[in-house]
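# Structural description and commentary
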Amino acid sequence: MSKPLGPYTPVVRAGDFVFVSGQGGMVDGKVVDGGVTPETEQAMKNLEALLASVGASLRDVVKTTCFLTDMENYAKFNAAYSAALPSDHRPARSCIAAAALPAGFKVEIEAVAYLPADRAE
């Protein structure tokens, strides 16, 4: 996992919920090349790794908020986002256009997961 870009915690457990800060397509402190599709794929991998660090998975995600710097990329983003999730799991989602994102990301994804304490590690 890349180091956070600011003074925040990437994943926080609060009772039965897990909150994951916005994730971009970054590996080893560098944004992946190739545009919105590889960035989305990597952002989802980063999200998955942070969830796993507290015993959760993408299947536990109940809500995502997604930010795109260009809504012209929505179809490409949507395809990569959907492919990363279990085929029978579609959390609630908002997708918002943003003028700019940290590190020059084209996409950023934050998530809320529900993980009852009795299932957590």
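In case you missed it, the structure is sitting above this.
All of the points below concern the structure found in this document. Every value quoted in this text rests on a predicted model; they were computed, and no experiment measured them.

What follows is about the environment of Met26. Secondary-structure assignment places Met26 in strand E3 (residues 26-27). Under the relative-accessibility criterion, Met26 is labelled buried at 8%. Put simply, Met26 and Lys45 are 19 residues apart on the chain and 9.8 Å apart in space, counted from C-alpha to C-alpha.

Enumeration over the complete set of coordinates arrives at two aromatic pairs. For the cation-ring pair, Arg93 lies above Tyr81, with the distance from its terminal atom to the ring centre recorded as 4.7 Å.

To continue, consider the pattern of salt bridges. In the structure shown here, the tally under the stated rule is one salt bridge. Residue Asp88 is joined to Arg59 by a salt bridge in which the shortest nitrogen-to-oxygen separation is 3.0 Å. A residue pair is termed long-range when its members are at least 10 positions apart, and Asp88 in the loop between helix H2 (74-84) and strand E6 (92-97) and Arg59 in the loop between helix H1 (36-52) and strand E5 (61-68) qualify at 29 residues. For Asp88, a relative accessible area of 60% puts it in the exposed group.

Conventions and cut-offs
Residues numbered from 1 in each chain as written. Predicted model: local features only at pLDDT ≥ 70, side-chain atom pairs only at ≥ 80, totals over all residues. Heavy atoms only, no water. Helix = DSSP H or I, 4+ residues; strand = E, 2+ residues; numbered from the N terminus. Buried < 20%, exposed > 50% of the residue type's maximum accessible area, 1.4 Å probe, protein only. Phe/Tyr/Trp six-rings, centres within 6.5 Å; stacked < 30°, edge-to-face > 60°. Lys NZ or Arg CZ within 6 Å of the ring centre and 35° of its normal. Salt bridge = Lys/Arg side-chain N within 4 Å of Asp/Glu carboxyl O.

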